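Each chain, written out:
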Amino acid sequence: MHFTEVLSDVDALIGGPAPVAPRPAVLGRLAGLAALSLAVLFAGCAPSEHRGTEGRSFVLVSVDTLNRSALEAFERGAGERPALDRFAGESVRLLDAHSTASWTLPAHASLLTGLYPDRHGTTDPRHRLAAGVPTLAAALSGAGYETVGWTEGGYLSERFGLGAGFELYEKNERASRGVFGKAIDFLRRRPARSRPFFLFLHTFQVHDYYKARPRVVERLPADAELGNVGRFQDCLQGRSACEPADWRTMRDLYRIEVDLLDAAFGQLLAALAESGHEDRTFVILISDHGEGLDPERGRTHHAGRLHEDQIRIPALIRGPGVEARDLRMPVSLVDLMPTILDLAGVASPAELDGVSLAPALEGGDSPGPRPLFALEHAFWWPDGQRKKSHSPRHRAISIAVIENGLWYVGGPRGDQVYDVRSDPRQSRNLAAESERLRALRRLARQRRLLKVEPSIRSQDRETESELRSLGYL
Ligand SMILES: [Zn+2]
């Protein structure tokens, strides 16, 4: 079958609702694939040789929608921020890190399972992580770790299944000290000699910039205009047009949220330093995807596009035995689970899509060349407006393949190929002349269909209203 069938599938969808569930023949094929992938999953994987892994703890901070270009460590001129800048100076900077999706649910499922979306199956707002998919938290918990997750809900709420394997997994209100306050209290309470921990923090602080919170508005430049604040989300999703002044205000709001994040993150690091755990604790700061604030180029908001402004993410790792430096090799969110397990000396419970970066972090070999992927199953942008699929899909709407300096996107807009070495902002589509087009399409085709039967979540009023407030419904 040809990859363009993905596109005709989208056309059919626009014309009318797609089937709610895969057809029986497809289900049979899915079941076969699921059995195959489970057999591979439980083959297991031993950690590489490390010294002194015992008792290492981990703090994994996911800042939802944090642009790579928002941090001075990744883009000069982004603006100084004391805590984030100091932390970046003490960390390995992963200069070419990628997400696996451009919205929260599939990207976080990849982070916490080490699998691409076609294998974790958490690809639609109506899905939850299927029971039985091995998770990072479960593997660490099984190895004696205390596993704690504090999130700000939305797609990270318990209902979507991402709390699987955590001993404690709680949703916090997006107010006051939020998840950082919880983590600070946890570190302060903790005896210096206690079992190792895995602390996962997720915050929507930056994501929600368009809501213009009072404490952000009071920091706006004096000449900023808040005229269309109620319509910012509509403008971001292409449902109405905002003035250039509105876009300037949105960029200011976003920048101020990152400033406030800096303060909270700094308090967390200070608490870690005072706790007596710092010398045995890895701190990892990442984002799940970026945010487009560029209406001139049609690159606004997130979900539904797989360009660099969405998929390239900031990633910083600080910890014992890891010298601050830059690593330039392409890496993916799926690499985080195998890396953390390797650093912890815990065997991987499954054959994962990612690879361990631990040897590279400790000054050894980098992973060899391999294609990286990003997938989209639920959103797309016909006519400059973001739309959501009527029903869950077993075929990807669009797929990106990042390989050897080339960035391929196949989807409703046809084939796109960018040479990101000479054109990092992806302005010139070389699909018509690229000799690699066929090979890139072939790679994309391998990930086109879901390899697991997705798990449909139950719906409730609270979750739907929360997703609406986050701009997803
Ligand atoms: Zn997100």
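Residues numbered from 1 in each chain as written. Predicted model: local features only at pLDDT ≥ 70, side-chain atom pairs only at ≥ 80, totals over all residues.

Trainee: Before we move on, could you go through the overall build of the protein chain and cite the residues and values that matter?
Mentor: The helix and strand inventory of the protein chain stands at 15 helices and 21 strands. The buried share of the protein chain, reckoned over its 473 residues, is 48%. By sequence separation, contacts in the protein chain at least 24 residues apart represent 71% of the contacts at least 6 residues apart. (Helix = DSSP H or I, 4+ residues; strand = E, 2+ residues; numbered from the N terminus. Buried ≥ 20, exposed ≤ 12 C-beta atoms within 10 Å, placed from the backbone. Contact = placed C-beta atoms within 7 Å.)

Trainee: Just give me the short version of the nonpolar core, but keep the residues and values in it.
Mentor: Among the nonpolar cores identified, the biggest contains 115 residues, and Ala183, Ile284 and Ala400 are the most heavily contacted of them. Each residue touching Ile284, except ones within four places of it in the same chain, is listed here: Phe58, Leu60, Val61 and Ile317. (Core = buried A, V, L, I, M, F, W, Y, C linked by C-beta atoms within 7 Å.)

Trainee: Any details on the sheet that holds strand β13 (residues 325–327)? Residues and values, ideally.
Mentor: Taken together, the eight strands give an open sheet; going across it, the order is β6-β5-β7-β1-β8-β12-β2-β13, and neighbouring strands pair in mixed fashion. Edge strands, defined here as strands with exactly one partner in the open sheet, are β6 (168–171) and β13. Across the sheet, the axes of successive neighbouring strands diverge by a mean angle of 15°, strand direction being ignored. Where strand β5 (residues 146–151) meets strand β7 (residues 197–203), five bridges bridge the pair, whose relative direction is parallel. Residue pairing for β7: Trp150 is matched across the bridge by Leu201. (Pairing = 2+ DSSP bridges. Axes fitted to C-alpha atoms, helices over the stretch in contact; angles between N-to-C directions.)

Trainee: Describe in detail the packing of helix α3 (residues 82–89) against helix α10 (residues 244–275), supporting the description with residues and values.
Mentor: Where α3 contacts α10, the two axes come as close as 7 Å, and the packing angle between them is 55°. One element, α3, and the other, α10, form an angle in the oblique class. Between α3 and α10, the residues in contact are Pro82, Ala83, Leu84 and Phe87 and Asp262, Phe265, Gly266 and Leu269, respectively. (Parallel < 35°, antiparallel > 145°, perpendicular 65-115°, else oblique.)

Trainee: Account for the sheet that holds strand β18 (residues 398–403), naming residues and giving values.
Mentor: The strand order across the open sheet built from four strands is β15-β18-β19-β20, with neighbouring strands paired in antiparallel fashion. Looking at which strands have only one partner, the edges of the open sheet turn out to be β15 (372–376) and β20 (414–419). Mean inter-strand twist for the sheet, computed between neighbouring axes without regard to direction, equals 10°. Two elements, β18 and strand β19 (residues 406–411), share five bridges in a ladder whose sense is antiparallel. Across the sheet, the residue bridging to Val401 is Tyr408, located in β19.

Trainee: Before we move on, can you summarise helix α4 (residues 104–113) with the specific residues and values?
Mentor: The buried count for α4 comes to 10 of 10 residues, which makes it a mostly enclosed element. The set of residues buried in α4 consists of Thr104, Leu105, Pro106, Ala107, His108, Ala109, Ser110, Leu111, Leu112 and Thr113. Structurally, α4 contributes buried residues whose contacts are with β1 (57–63), α5 (117–120), α6 (136–142) and α12 (336–344). Positive phi shows up at Gly114, right after α4, with a value of about 70°.

Trainee: Lay out the pairing of β15 in plain terms, naming residues and giving numbers.
Mentor: When you tally the buried positions in β15, you get five out of five residues, the bulk of the element. A two-sided burial pattern is seen for β15, the buried positions comprising Leu372, Ala374 and Glu376 on one face and Phe373 and Leu375 on the other. Bridging between β15 and β18 involves five bridges; their strand directions are antiparallel. Bridge pairing in β18 places Leu375 opposite Ile399.

Trainee: I'd like to hear about the packing of helix α7 (residues 178–189) against α10, residue by residue, with values.
Mentor: Between two packed helices, both the angle of their axes relative to each other and the distance between the axes serve to describe the pair. α10 packs onto α7 with a crossing angle of 5° between their chain directions and a minimal axis gap of 9 Å. What the angle tells us is that α7 and α10 run roughly parallel. Here Phe180, Ala183, Ile184, Leu187 and Arg188 of α7 lie close against α10, whose contacting residues are Ala264, Gln267, Leu268, Ala271, Leu272 and Ser275. Looking at the contact of α7 with α10, its residues break down into eight nonpolar, two polar and one charged. (Nonpolar A, V, L, I, M, F, W, Y, C, P; charged D, E, K, R; others polar.)

Trainee: Kindly report on unusual backbone geometry, identifying the contributing residues and their values.
Mentor: Even without being a glycine, Thr65 presents a positive backbone phi close to 70°. For Thr65, a count of 25 C-beta atoms within 10 Å corresponds to the buried category. Positive phi is not limited to glycine here, since Asp383 has a value of about 55°. Position of Asp383 among the secondary structure elements: in the loop between β16 (379–380) and β17 (387–388). For Asp383, a count of 6 C-beta atoms within 10 Å translates into the label exposed.

Trainee: Requested: an account of the environment of Gly178, with residues and values cited.
Mentor: The topology assignment puts Gly178 in helix α7. Each C-alpha atom of the pair Gly178 and Glu152 lies 7.8 Å from the other, and the pair is 26 residues apart in sequence. When sequence neighbours within four positions are dropped, the list of residues in contact with Gly178 reads Glu152, Asn172 and Thr203.

Trainee: Account for the environment of Arg328, naming residues and giving values.
Mentor: If you trace the backbone, Arg328 turns up in the loop between β13 and β14 (331–332). By C-beta crowding, Arg328 is classed as exposed, having 10 other C-beta atoms within 10 Å. Sequence-wise, Arg328 and Asp96 are 232 residues apart; in three dimensions their C-alpha atoms are separated by 5.8 Å. When sequence neighbours within four positions are dropped, the list of residues in contact with Arg328 reads Leu95 and Asp96.

Take it as geometry only, folks, not as evidence of what the structure does.
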